[in-house]
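Below are the chains, spelled out letter by letter.
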Amino acid sequence: QLKIMIFKFLLFVITFLFIPGNVFLYKIKKDQLFTFFLSICLGLVLITLLSFLGGYLGVNWIVLVFVVSTWLLFIVKKFYLNIEWRKVNLPLLVLTIIILGTVFQNVTNVRTGLIYDFGMGFWGPLGRDGIWHQALSNQLMKNFPPESPGFSGQMLSNYHYFYNLLVAQTSKVTGIDTIDLIYRFYPVIFSVLLGIGTYIFANVLFKNKLASVLSLFFVYFGGSFGWVVEWIRNGKPWGGESTFWAN
């Protein structure tokens, strides 16, 4: 079951995200790592915006037409010849940090939404925010605009649900449950993209390998100094993660 879900999700990433994004970037002559990163990021944006447009206009088939059109361009124009996977190289240290950082960021996510002896488990803030996003994504699979998950019959307005729209669209296409997409598949993809994007940006900004590696390390493992404030206030170094949040 898990292997089938992984296969379907990777197939979705390639067909609905990477290839459409790559077609739009065919004139940009950059290294393969940058092209790979930007293609997926652009694909995420395009599919989400088209899902919104299709839902708003009542033409949900627009996403499929777009994907098929980009696939035809990809094949007819032979854009695939520009893809050289062997040139997508990451230094071993960088690859190791990205893998460890991805595991570190998702160690609680992957356990959420699973069934335990006490029922379905939710860890940390996912017991609040996660349930909301899960319910909202399920609403978007049925209605657009969605009903408020907390107020039956009331349309949800003034809320940023583009991510939930992406999850809903992915679930429609792949058949993967929104629970698995929200807590396992998309968090892993976002963590990997965070690492690759940080490394690329740091390379351009600093033009120094050590600075790039340190930037990558701290984007995963760095945190707030809120614990210092908590220590001064209460004499306890545990907590304070939300001290500098701006609401």
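Relevant structure appears above.
Now for a description of the structure that goes with this document.

The rules we used
Residues numbered from 1 in each chain as written. Predicted model: local features only at pLDDT ≥ 70, side-chain atom pairs only at ≥ 80, totals over all residues. Heavy atoms only, no water. Core = buried A, V, L, I, M, F, W, Y, C linked by side-chain atoms within 4.5 Å. Buried < 20%, exposed > 50% of the residue type's maximum accessible area, 1.4 Å probe, protein only. Helix = DSSP H or I, 4+ residues; strand = E, 2+ residues; numbered from the N terminus. Contact = heavy atoms within 4.5 Å. Patch = residues over 30% accessible without salt bridge, like charges linked within 9 Å, V, L, I, M, F, W, Y side chains within 5 Å. Areas by Shrake-Rupley, 256 points an atom, 1.4 Å probe, with all protein chains shown as cover. Salt bridge = Lys/Arg side-chain N within 4 Å of Asp/Glu carboxyl O. Polar contact = N/O pair within 3.5 Å; in protein donor to acceptor, adjacent residues only side chain to side chain. Pairing = 2+ DSSP bridges. Axes fitted to C-alpha atoms, helices over the stretch in contact; angles between N-to-C directions. Parallel < 35°, antiparallel > 145°, perpendicular 65-115°, else oblique. Left-handed = near helix turned anticlockwise from the far one by under 90°. Nonpolar A, V, L, I, M, F, W, Y, C, P; charged D, E, K, R; others polar. Phe/Tyr/Trp six-rings, centres within 6.5 Å; stacked < 30°, edge-to-face > 60°.

Now for the nonpolar core. Residues Phe9, Leu44, Ile47, Leu181 and Tyr186 are the most contacted members of the largest nonpolar core, which totals 43 residues. Of all the secondary structure elements, the ones that give two or more residues to this core are α1 (2–24), α2 (32–57), α3 (62–76), α4 (92–106), α6 (162–174), α7 (178–206) and α8 (209–221). When residues in this core are grouped by element, the largest group, eleven residues, is from α7. In contact with tyrosine 186, not counting residues within four places along its chain, are Phe9, Phe12, Leu44, Tyr163, Leu166, Val167, Thr170 and Leu181.

Quick look at a nonpolar patch on the surface now. Taken together, Leu64, Val68, Leu72 and Val76 make up a surface patch of nonpolar side chains, about 400 Å² in accessible area. For valine 68, the location among the structural elements is in helix α3. Look at valine 68 and you get partly exposed, because its relative accessible area is 43%.

The peptide bond linking phenylalanine 144 to proline 145 adopts the cis configuration, its omega dihedral lying at -5°. Positioned with a positive phi, lysine 78 is a non-glycine residue whose angle comes to about 55°. You can see lysine 78 is positioned in the loop between α3 and α4. Here lysine 78 falls in the partly exposed class, since its relative accessible area comes to 47%. Phi at asparagine 158 is positive, roughly 55°, even though this residue is not glycine. For asparagine 158, the position within the fold is in the loop between β4 (151–155) and α6. Take asparagine 158: its relative accessible area is 82%, and that puts it in the exposed class.

What follows covers the side chain of threonine 178. For threonine 178, the position within the fold is in helix α7. The exposure class assigned to threonine 178 is buried, which follows from its relative accessible area of 2%. Within the local environment of threonine 178, its side chain forms a polar contact with the side chain of asparagine 138, the two groups lying 2.9 Å apart. In contact with threonine 178, other than residues within four places in its own chain, are Gln134, Ser137, Asn138, Met141, Val167 and Ser171.

With that out of the way, let us pick up the pairing of β4. Within a regular strand, the side chains alternate between the two sheet faces. By the criterion of burial, β4 is predominantly exposed, with just zero of the five residues buried. Pairing between strand β3 (residues 147–148) and β4: two bridges, direction antiparallel. Of the residues in β4, the one forming a bridge with serine 148 is phenylalanine 151. Connecting β3 to the next strand, β4, in antiparallel fashion are two residues.

Where α6 contacts α7, the two axes come as close as 10 Å, and the packing angle between them is 110°. The orientation of α6 with respect to α7, classified from their angle, is roughly perpendicular. Two packed elements cross with a definite hand, and for α6 against α7 that hand is right-handed. Where α6 approaches α7, its residues Tyr163, Leu166, Val167, Thr170 and Ser171 are matched on the opposing element by Thr178, Leu181, Ile182, Tyr186 and Phe190. Looking at side-chain class alone, the contact of α6 with α7 contains seven nonpolar, three polar and no charged residues.

Before going further, it helps to spend a moment on the environment of asparagine 106. Within the fold, asparagine 106 resides in helix α4. Apart from the residues within four sequence positions on either side, asparagine 106 is in contact with Pro187, Val188 and Ser191. Within polar-contact distance, the side chain of asparagine 106 engages the backbone oxygen of threonine 102 at 2.7 Å.

This part takes up the packing of aromatic side chains. Two descriptors summarise a pair of aromatic rings, namely the distance from one centre to the other and the angle between the planes of the rings. Under the criterion given, the structure shown has 21 aromatic pairs. Arranged with centres 4.9 Å apart and planes meeting at 15°, the rings of phenylalanine 12 and phenylalanine 16 form a pair that is stacked. Of this pair, phenylalanine 12 and phenylalanine 16 both sit in helix α1, four residues apart, roughly one helical turn. Exposure remark for phenylalanine 12: the relative accessible area of 2% places this residue in the buried category. With a relative accessible area of 11%, phenylalanine 16 lands in the buried category.

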